[in-house]
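So you can see what is in the structure, the chains are spelled out below.
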Amino acid sequence: PVPQVRLEYSVFTPHPGKRIRREPPAAEPPAHRKPPVVDAPSNATVLLAFFDGIGVAAHALQTLGWHILYYGSWELDDDCMAVARHHHPQIQFHGDALNWCPSETDQLLEKAGIPGWVPVHVCAGPPCQDYSRIRGCSAGGSHGPEGQKLHRFAEALAVYEQHTSREAVYLV
């Protein structure tokens, strides 16, 4: 059975220019334990890119006018990672998408100083070889080694949605 994950598609072009700074909460932790707060423009976003390939999701968001404050990539192919790093030097690689710990993602962003109001774009292009018509009868579909990655990732997305306090847009 496939877990039910609410998938949304939204095209939004932010209005750049206005800069917003997060105000500290009334009861703050001691200064030595507080993460730095990033000064974020109003068109800021976080990109969590799974099965990222050469970083096309980041390119698309930037083309639409988004300013990526944090770019987390889950990719394993060294050649793809080299291309993505060349075009997006700020990229943070996290390894295998299937080893993502969704319940810890908000903490990761907080440690990076990303304000809580900054929306998160979760983008994923799971491998599709097991769904290819070119493979004919040998395509494993959701039972193949690559095809089942989509279902495993959908399960992780459901966990993320339960644990995040941030606004998120899902493009899978």
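For the structure, check the block above.
Residues numbered from 1 in each chain as written. Predicted model: local features only at pLDDT ≥ 70, side-chain atom pairs only at ≥ 80, totals over all residues. Heavy atoms only, no water.

**Observations concerning the nonpolar core**
- Core analysis: the largest hydrophobic core is formed by 24 residues, its most contacted members being Leu 48, Phe 50 and Val 122.
- The contacts of Phe 50, once residues within four sequence positions are left out, are Trp 74, Ala 97, Trp 100, Val 122, Cys 123, Ala 124, Gly 125 and Phe 153.
- Within the second largest apolar cluster, 10 residues are counted, among which are Leu 47, Ala 58, Ile 68 and Ile 91. (Core = buried A, V, L, I, M, F, W, Y, C linked by side-chain atoms within 4.5 Å. Buried < 20%, exposed > 50% of the residue type's maximum accessible area, 1.4 Å probe, protein only. Contact = heavy atoms within 4.5 Å.)

**A few points about the pairing of strand β6 (residues 120-124)**
- Extensive coverage of β6 is indicated by the burial of 5 of its 5 residues.
- Side-chain alternation along β6 places Val 120, Val 122 and Ala 124 on one buried face and His 121 and Cys 123 on a second face that is also buried.
- Two strands pair when backbone bridges link them, and strand β3 (residues 44-50) and β6 are joined in this way by 5 bridges, in the parallel orientation. Looking across to β6, one finds that Val 46 is bridged to Val 120.
- Pairing analysis gives 4 bridges linking β6 to strand β7 (residues 168-171), with the strands arranged parallel. The residue of β7 that forms the bridge with Cys 123 is Leu 171. (Helix = DSSP H or I, 4+ residues; strand = E, 2+ residues; numbered from the N terminus. Pairing = 2+ DSSP bridges.)

**Considerations on the environment of Asp 106**
- Take Asp 106: it is sitting in helix α3 (residues 105-111).
- A residue is classified by how much of its surface remains accessible, and Asp 106, at 16% relative accessible area, is buried.
- Considering only alpha carbons, one finds Asp 106 and Ser 165, 59 residues apart in sequence, at a separation of 7.5 Å.
- In contact with Asp 106, not counting residues within four places along its chain, are Tyr 160, His 163, Thr 164, Ser 165 and Arg 166.

**Focus: the environment of Pro 41**
- Relative to the helices and strands, Pro 41 resides in strand β2 (residues 40-41).
- Distance in space between the C-alpha atoms of Pro 41 and Val 118 is 9.4 Å, their sequence separation being 77 residues.

**Some points on the sheet that holds β6**
- Judged by pairing direction, the sheet is parallel, and its 5 strands sit side by side in the order β5-β4-β3-β6-β7 without closing on themselves. Strands at the two margins of the open sheet, each flanked by one partner only, are β5 (92-93) and β7.

**Regarding unusual backbone geometry**
- In the Ramachandran plot, Phe 51 falls in the positive-phi region, its phi being about 55° despite a non-glycine side chain.
- Mapped onto the elements of the fold, Phe 51 is located in the loop between β3 and α1 (56-63).
- Since its relative accessible area comes to 16%, Phe 51 is described here as buried.

**Notes on the pairing of β3**
- Within β3, 7 of the 7 residues are buried, leaving the element largely enclosed by the surrounding structure.
- Side chains Ala 44, Val 46, Leu 48 and Phe 50 of β3 all project onto a buried face; the interleaved residues Thr 45, Leu 47 and Ala 49 project onto the opposite face, where all are buried too.
- Two strands pair when backbone bridges link them, and β3 and strand β4 (residues 67-74) are joined in this way by 7 bridges, in the parallel orientation. Bridge pairing in β4 links Ala 49 to Ser 73.
- Traced from β3 through α1 to β4, the parallel crossover comes out right-handed. (Right-handed = clockwise from strand over helix to strand, strands pointing away.)

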